[in-house]
Amino acid sequence: MSSLIEPSMPAVVTLHVDDGYGEVFAQHRVAVFRFAAMLCGSDEVAEEITAEVFARVLPKWRKDLVLEPLPYLRRAVLNEVRSRWRRLVHERRAAARARRDTELNPDAHGVELREPLVAALNRLPLRQRTVVVLRYVEDMSESDVGRCLGMAPGTVKSQSSRGLATLRTLMMEEDR
Amino acid sequence: MSIDIDDDFERTVRDRLQAAGALKAPPARLEARTRQRERHHARRLAATRVGAVAVVGIAVVGGMVAIQRSHTEPSATSATSANVDTGALFPILDLSSVPQPLRDKVGASYYHSVSEEWAGVLGTTSDIEGERNLVVITVFPIGTEVALDGEKPGRRAGVSEVTHLQGGHTLFWRVGEVPFSAIGSDLNTLYALVDIVEPTNDSGTRGGYEFTAPLPGGLEELVVPTHREPYNGPSLSTDDGALDVGVYELSPLTLLVTGGNFSVETTKVNDMEVAVGRHGTWTAVAVTVSPTETMLVSSNALDLQQLTQIVEHISMVDESTWQQHYRLQSSDAQVVTPTTTSG
C-alpha cells in the first residue's frame, strides 16, 4: 500500500502549547483538513469545518475528555458534513470569505482542475463516501473504520464494495 | 451484500484518491481561523456573574412559562454584553407545504432576547416507557428579579412554586444573591435539586451552576449549562399559535423542556435528526441548525406529520434575503430595551 505524502507546510504555529493542544493541532490538522476536503468536495468549506472542529474540540481536550484526538476529530468533521444545516453555515462562511478574497486579490482566483475520480467520489451517498475515504485515502483497516464510524465490520465491507461499484459505474460513464 | 470488485480497480481507486488527498493542504491561515472560531465560542461561555441587565421580559417558547425579569440594582461586577448577536440563519417557508387556512396568516418579525442566563438540562436516559424525567435548570444574573405567574409559596422557606395547567412545575429560589429556576414534571425531583445546586466558582472551567452531590433519581446531565447571549432571532408565526417557526440560541432539549415537554422523542426527517415534544394540543419539532442555534417549528393545531412536512420545505437564507422576502425593514431588527417591566 502506498503511504500518504505530507504536503509541504508553512512553519507550524502551535496553539496553546502549554496544554498540549498545539501538538494535537500541528499533528492532525493535515489529516483533518484532508478528510473534510475529500468528504465535502470543497477546500474552502473544508477550511471552515476544520477550524470549527478544532475550536470546538479544544475545551474538551483541556478537560481530558478526548483520549484519542484523531478519531474524535474525524467524527466531529463527519457530524459537520452530515448536518445539512451546519453545512449550510460553513458553505455560507466559505462563500463570503471567497468573495472577500477575490475583491482583495482578483488575479488569484484560478480554476481548479479536479481529478474525475474525486468528482465521482462526491456523487456517492455520504455513508459510502465516508467509508471509501477512510478505507482508501486514509488507508484504514475495515475494523478501524468500523470503530471510527460505529459500524460493524460487515457493514463497512458492504458499504465499501457498493461505493467502489458505484465509482466504477460513474467512471465508465465518464469515459464514454 | 458484497459486490465483487477486481483488485486492479481497487488499487486504482486507492492510488488516485491518495494522490488527490495528498494535494489537500490546509491553508496557512487555518490557525488564525481556528483561533477566531475559538474566541467566538469562548465569548458564548463568558463568566456567569455579569452585571444585571436593564429590564428584560422573556417569553419562554411554547407560551407556557413566562418569566418576567426586572432590574433591581447593578451587581458589583462588570458590565453587561454591549452587543446583540443576530442569527445567521433565517427561515423561509414554502407555503405549499403549509395547510391552506394558515397560508395567509403567517407573519414575519424579529424577537429580541436580552436575557443572559445560563440554562442546562438534566434527564433520565432509560428506555422505560412513559415520560422521561426532564428538568431545565436556569441561573440568572445577580440582581435579576424573577416573578412567576401563579406563584405561591413552596414547600419550604425561600422557594416559590408554580404548577402549570398542562402539567409540570417551576420552582424559583436563590442561592445567596443568585436567582435560580427549575422546570420539570416531578416536584420531588425539583426540590431535591434545590438542595444540591449552586453557582459555579469564578475560577472553575464550568459556567453557570454545579452540583454539590450526586444527581438524584437516576438523572444525568444531558445539556451542560450554556450561556445565552443577547440575540435577535427570526420568527414566523400566526397570531393564534397555529404555526410558529423561530431560530433560538438554545439546545433542542432546553427549548422543548422549557416549553413544557417532558416526553421528548427523537426521530428523523430526511437525514436530519429532530427532537419532537408534545403536551396537550401543542406539538413542536426542534432541529439543530448550527452548533449554537435550534429551529423550533411548533403548533397548537397541526399534527407531527404536517409539521415535518413544513420542516422539510423550509429554506434557510441570510438576513437580507429574509428581510426582502418578508418585506421587513432593517429597523425592525433594532432592539428597544425597556426600562421597566410588569410582572
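In what follows, the accompanying structure is described. (Residues numbered from 1 in each chain as written. Chains lettered and ligands numbered in written order. Predicted model: local features only at pLDDT ≥ 70, side-chain atom pairs only at ≥ 80, totals over all residues.)

## A few points about the overall build of chain B
Counting its secondary structure elements, chain B contains six helices and 22 strands. Counting across all 343 residues of chain B, residues that qualify as buried make up 39%. Partitioning the contacts of chain B with sequence separation of at least 6, the portion at a separation of at least 24 is 66%. (Helix = DSSP H or I, 4+ residues; strand = E, 2+ residues; numbered from the N terminus. Buried ≥ 20, exposed ≤ 12 C-beta atoms within 10 Å, placed from the backbone. Contact = placed C-beta atoms within 7 Å.)

## So, the nonpolar core
Ranked by internal contacts, the top residues of the largest apolar core, which has 59 residues, are Val135, Ile137, Val257, Val285, Ala286 and Val297 of chain B. What Val285 of chain B contacts, discounting residues up to four positions off in sequence, is Val274, Val276, Val297, Leu307, Thr308 and Val311 of chain B. Within the second largest apolar cluster, 43 residues are counted, among which are Ala31, Val57, Ala76 and Cys148 of chain A. (Core = buried A, V, L, I, M, F, W, Y, C linked by C-beta atoms within 7 Å.)

## Some thoughts on the sheet that holds strand β10 (residues 160–163) of chain B
Residue and element names in this part refer to chain B. The strand order β9-β10-β11-β12-β7-β6-β15 describes an open sheet built from seven strands, whose pairing is antiparallel. Looking along the sheet, the strands with just one partner apiece sit at the ends: β9 (152–153) and β15 (220–227). Two strands pair when backbone bridges link them, and strand β6 (residues 118–123) and strand β7 (residues 134–139) are joined in this way by six bridges, in the antiparallel orientation. Bridging from a neighbouring strand, Trp118 pairs with Val139 of β7. (Pairing = 2+ DSSP bridges.)

## Topic: the pairing of strand β12 (residues 178–184) of chain B
Residues and elements named next belong to chain B. Among the seven residues that make up β12, seven are buried, leaving the element largely enclosed by the rest of the structure. Neither face of β12 is exposed, since Val178, Phe180, Ala182 and Gly184 on one face and Pro179, Ser181 and Ile183 on the opposite face are all buried. Counting the residues in the hairpin turn of strand β11 (residues 169–175) and β12 gives two residues, including Gly176, whose phi is positive at 65°.

## Examining the pairing of strand β21 (residues 294–299) of chain B
Residues and elements named next belong to chain B. When you tally the buried positions in β21, you get six out of six residues, the bulk of the element. Of the two faces of β21, the one holding Thr294, Leu296 and Ser298 and the one holding Met295, Val297 and Ser299 are both buried throughout. Both strand β17 (residues 244–248) and β21 contribute to a ladder of five bridges, which runs antiparallel. Within β21, the residue paired with Val245 across the bridge is Val297.

## Comments concerning helix α6 (residues 126–137) of chain A
All names here are of chain A. Of all 12 residues in α6, 10 are buried, a share of seventy percent or more. When α6 is considered as a whole, its buried residues turn out to be Gln128, Arg129, Thr130, Val131, Val132, Val133, Leu134, Arg135, Tyr136 and Val137. Positioned one or two residues after α6, Asp139 has a phi angle of 60°, which is positive.

## Observations regarding the packing of helix α8 (residues 153–175) of chain A against helix α1 (residues 7–22) of chain B
As a packed pair, α8 of chain A and α1 of chain B sit with axes 11 Å apart at the nearest point and diverge in direction by 85°. Here α1 of chain B runs roughly perpendicular to α8 of chain A, going by the angle between their axes. On α1 of chain B, the residues that touch Leu164, Leu167 and Arg168 of chain A of α8 of chain A are Phe9, Glu10 and Val13 of chain B. (Axes fitted to C-alpha atoms, helices over the stretch in contact; angles between N-to-C directions. Parallel < 35°, antiparallel > 145°, perpendicular 65-115°, else oblique.)

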